[in-house]
Amino acid sequence: TAIIVADGLNDELEVVDAAVVLGNRVELNGQPSDRLQARLDKAVQLYEEKYFNYIIVSGGTGKEGFDEAEVMKNYLIEQGIPENSIIEDPNGYNSYMTAENAKTIMDDSNLQSVMVISQYFHISRTKLAFEKAGFENVASAHAEIFDSRDVYSTLREFPAYYSYLVK
């Protein structure tokens, strides 16, 4: 668990073709949850710092009834990201599906290198999923938000990481 936390907090920033922002809950009012907004804000920051030219927003339709990818795209546009720099993946229902979908999207668009953006405790498993999907080098950045649920989420990542090892 300590290695997962350390890995997640140690951003591996590189100039890449695209970033993939993993989805999270959308509030009942249609706005990104605090966690999701923090992920998107990190993507905006790194886009403006010229780390990548494209942002893939990946998520599914949650129990709240909103398409996470669409909500994410709209938020990024409100923050000044050009619409033609945003690619939607509405079928990213889990990290593994997001990785597989991103590989297909990026191969079809002739994009090679990738950076994943999520919560710090989620980075190790996400990088593993992307490597298993066929990405050679996976850069990473964590959303700058911490809350009490992180304790549970961090503990959950230990068995989740190992379940991805055997996929």
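Just so you know, the residues in each chain are numbered from 1, in the order the chain's sequence is written. Per-residue local features of the predicted model are confined to residues with pLDDT of at least 70, and side-chain atom pairs are confined, for both listing and counting, to 80 or more; whole-chain, interface and lining totals are unaffected and use all residues. Only heavy atoms go into the side-chain values, all of them from the structure, while hydrogens and water stay out.

Trainee: I'd like to hear about the pairing of strand 2 (residues 54-58), residue by residue, with values.
Mentor: For strand 2, the buried fraction is high: four of the five residues fall into the buried class. In the sheet, strand 1 (residues 18-22) pairs with strand 2 via five bridges, with the strands oriented parallel. By the bridge assignment for strand 2, Ala18 is matched with Tyr54. Traced from strand 1 through helix 2 (residues 34-48) to strand 2, the parallel crossover comes out right-handed. The pairing criterion for strands is at least two bridges between them, as found by DSSP. Starting at the N terminus, helices and strands are each numbered in turn, a helix being any DSSP run of H or I of at least four residues and a strand any DSSP run of E of at least two. Relative to strand 3 (residues 86-89), strand 2 is paired through four bridges, and the arrangement is parallel. For Ser58, the partnering residue across the bridge sits in strand 3 and is Asp89. With helix 3 (residues 68-78) bridging strand 2 and its parallel neighbour strand 3, the resulting β-α-β unit is right-handed. Type-normalised accessible area, obtained with a 1.4 Å probe on protein chains alone, sets the label of each residue: buried when under 20%, exposed when over 50%, and partly exposed for intermediate values. Here a crossover is taken to be right-handed if, once the strands point away from the viewer, the path from the first strand over the helix to the second is traced clockwise.

Trainee: I'd like to hear about the side chain of Asp67, residue by residue, with values.
Mentor: Mapping Asp67 onto the fold places it in the loop between strand 2 and helix 3. Within the buried core, Asp67 has no salt-bridge partner, and the shortest N-O distance to an opposite charge, that of Lys73, equals 9.9 Å. Here a polar contact is taken to be a pair of N or O atoms separated by no more than 3.5 Å, where protein atoms must pair a possible hydrogen donor with a possible acceptor and residues adjacent in sequence count only if both atoms sit in side chains. Here Ala69 takes part through its backbone nitrogen, which lies 3.0 Å from a polar atom of the side chain of Asp67. Any pair of residues with heavy atoms lying within 4.5 Å of one another is described as a contacting pair. The contacts of Asp67, once residues within four sequence positions are left out, are Gly59, Gly60, Thr61 and Pro90. The charge count treats Lys and Arg as positive and Asp and Glu as negative. His and the chain ends do not count. For this analysis, a salt bridge means a side-chain nitrogen from Lys or Arg found within 4 Å of a carboxyl oxygen belonging to Asp or Glu.

Trainee: Lay out the nonpolar core in plain terms, naming residues and giving numbers.
Mentor: The set of buried Ala, Val, Leu, Ile, Met, Phe, Trp, Tyr and Cys residues whose side-chain atoms join them within 4.5 Å is what this entry labels a nonpolar core. One finds Leu40, Phe52, Ile55, Val57, Leu76, Met115 and Ile117 to be the most contacted residues of the largest nonpolar core, which totals 24 residues. Among the secondary structure elements, those contributing two or more residues to this core are strand 1, helix 2, strand 2, helix 3, strand 4 (114-118) and strand 5 (138-142). Ignoring any residue separated from it by four or fewer positions in sequence, one finds Leu76 in contact with Leu40, Val44, Ile55, Val57, Ile81 and Ile86. With 21 residues, the next largest nonpolar core counts Ile56, Phe130, Ala133 and Tyr164 among its residues.

Trainee: Break down the environment of Glu49 for me, citing the residues and quoting the values.
Mentor: As for its position among the elements, Glu49 is in the loop between helix 2 and strand 2. Of the residues examined, Glu49 reaches a relative accessible area of 44% and is grouped as partly exposed. For the pair Glu49 and Val15, spaced 34 residues apart in the sequence, the C-alpha separation amounts to 9.6 Å.

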